[in-house]
Amino acid sequence: HRGRQVGVSQESDFSRARKRLERKPLSIERTRGSEMLFGIAPCSLALSQSRRDLFRLFLKQSSGPRRLIMSELVLQATARGVPVHHITRRELDVLCRGQVHQGVCLEATPLRFKSLEEAEKPDLGLEESQNQQLVWLALEQIQDPMNLGALLRSAYFLGVDRVVTSQRNSCPLTPTVSKASSGAMEVFDVYSTDDLRSFLKAKTAEGWEVVGTVSNPEDVEDVPVVSCLEFQWNKPIIIVIGSEGDGLSLETQLLCHRMLAIPPGRPLHPGIESLNVSVATGILLHSICSQKLKHGD
């Protein structure tokens, strides 16, 4: 008799739990022209900057170590006049289409590339160019948002002065890029040009050195290849990174004064002879920017 009662109560508990799971997540009407940022670093940095219009902050109720972070986010949002909504994990999953949101989403306007015209004027002072070792990073047709985010994170961390990307066949500045950049995209301007080759020619005429990158030195014709360990520079430089898979186009290679290669640490097995583009760029930037630090002493 008692056994039957236990069975009944377990069954009703189970069906209640199932109904709870089947409850449809809250349908949230998105603001027109907005996108959903996700992750603690992108959302916190977007709240701290004035680069986006911000609409709503969505948070999962948190306990434990993340509770402090969540209350900081609430304070930031309140200071900016952004409404805060506490919702379930499932609702957050739906809002950012299953991405790793860490319990935070922020509805905001997208970030756009800046045009080079917006930036040229204050930068062209000859004095600044001569007194500083400037390092710019030019990206030719980087299409993977995870790679673009990782590139921006490395460029920001290692002290690159400016990032310029080719407009055609390049990934836009999406929430996925911001998350992969660990929020660096929220604080670091990214420029775009519809004519990368003319831009490189113009910088060469201004006295900059254009440095390409190559994974297989045998592929390069007519441009000297130097190991990143031996590379030295004494004037402003632009490092040009090619697309995943194809590398730099031949026309862009021919505008480079030198090509940089990373020497491998062992004989390589065919088929795994190159590095991921963002990892390779991090290694090259480190060897280049560490010279900049030495010269600055």
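Counting of residues starts from 1 at the beginning of each chain's written sequence and follows it residue by residue. Given that the model is predicted, a residue must reach a pLDDT of at least 70 before its local features are reported, and side-chain atom pairs must reach 80 or more before they are shown or counted; all residues, however, enter totals for whole chains, interfaces and linings. Hydrogens and waters are ignored; side-chain quantities use all the structure's heavy atoms.

Draft legend 1. Spatial organisation of the overall build of the protein chain. Looking only at helices and strands, the protein chain has eleven helices and twelve strands in total. Working definition: with a 1.4 Å probe on protein chains only, accessible area under 20% of the residue-type maximum means buried, over 50% means exposed, and in between means partly exposed. Counting every position in the protein chain, which comprises 297 residues, the buried fraction comes to 43%. Any two residues whose heavy atoms approach within 4.5 Å at even a single point are treated as in contact. The contacts of the protein chain with a sequence gap of at least 6 include a subset with a gap of at least 24, amounting to 86%. With residues, only the protein chains shown are counted as cover, and all accessible areas are computed by Shrake-Rupley using a 1.4 Å probe. Accessible surface computed for the protein chain: about 16800 Å², of which carbon and sulfur atoms make up 51%. Only DSSP runs of H or I reaching four residues or more are called helices, and only runs of E reaching two or more are called strands; each is numbered from the N terminus.

Draft legend 2. Structural detail: unusual backbone geometry. In this structure, Q141 takes a positive phi of about 60° despite not being glycine. Looking at the element boundaries, Q141 is found in the loop between β6 (135–139) and α7 (145–158). Exposure remark for Q141: the relative accessible area of 29% places this residue in the partly exposed category. Positioned with a positive phi, N169 is a non-glycine residue whose angle comes to about 55°.

Draft legend 3. Structural detail: a nonpolar patch on the surface. A cluster of nonpolar residues, L275, V279 and I283, forms a patch on the protein surface that exposes about 230 Å² of accessible area. Within the secondary structure layout, L275 lies in the loop between β12 (258–261) and α11 (277–296). To count toward a patch, a residue needs a relative accessible area over 30% and no salt bridge; like charges are then connected within 9 Å, while nonpolar side chains (Val, Leu, Ile, Met, Phe, Trp, Tyr) are connected within 5 Å. What makes a salt bridge here is a side-chain nitrogen of Lys or Arg within 4 Å of a carboxyl oxygen of Asp or Glu, nothing more.

Draft legend 4. The sheet that holds strand β4 (residues 104–108), seen in detail. With respect to topology, four strands assemble into an open sheet ordered β1-β4-β2-β3, the strand pairing being mixed. Looking at which strands have only one partner, the edges of the open sheet turn out to be β1 (35–38) and β3 (84–87). Neighbour-to-neighbour, the strand axes of this sheet turn through a mean angle of 25°, independent of strand direction. Strand pairing is assigned whenever DSSP detects at least two bridges linking the two strands. Bridge count between β1 and β4: four bridges; the pairing is antiparallel. Among the inter-strand pairings, M36 is bridged to a residue of β4, identified as E107. Throughout, an axis means a line fitted to C-alpha atoms (over the contacting stretch in the case of helices), and angles, computed between N-to-C directions, take values from 0 to 180 degrees.

Draft legend 5. Region of interest: the pairing of strand β8 (residues 190–193). Because side chains alternate across β8, one face comprises the buried residues V190 and S192, and the other comprises Y191 and T193, equally buried. Strand direction decides the pairing type here: strand β5 (residues 114–115) and β8, joined by two bridges, are parallel. For S115, the partnering residue across the bridge sits in β8 and is S192. In this structure, strand β7 (residues 162–166) lies alongside β8, joined through four bridges in parallel fashion. When the bridges of β8 are listed, V164 appears paired with Y191. A clockwise course of the path from the first strand over the helix to the second, judged with the strands pointing away from the viewer, identifies a crossover as right-handed. Each parallel crossover has a hand, and for β7 linked through helix α8 (residues 175–180) to β8 it is right-handed.

Draft legend 6. Local environment of the nonpolar core. Among buried residues, those of type Ala, Val, Leu, Ile, Met, Phe, Trp, Tyr and Cys that are joined through side-chain atoms within 4.5 Å constitute a nonpolar core. Of all hydrophobic cores here, the largest spans 30 residues; its most connected members are L137 and V163. Contributions of two or more residues to this core are made by β6, α7, β11 (237–241) and α11. Excluding anything up to four places from it in sequence, V163 contacts L137, L139, L152, A155, F188, D189, V190 and Y191. By size, the runner-up hydrophobic cluster in this structure holds 20 residues, among which are V164, V214, V223 and A261.

Draft legend 7. Highlighting the sheet that holds β6. Taken together, the eight strands give an open sheet; going across it, the order is β5-β8-β7-β6-β11-β9-β12-β10, and neighbouring strands pair in parallel fashion. Looking at the sheet topology across the chains shown, the edges are occupied by β5 and β10 (225–227). Taken together, the three bridges between strand β9 (residues 209–213) and β11 define a ladder with parallel strand orientation. Across the sheet, residue V211 finds its bridge partner in β11, namely I239.

What is shown is where atoms sit, not what they do.
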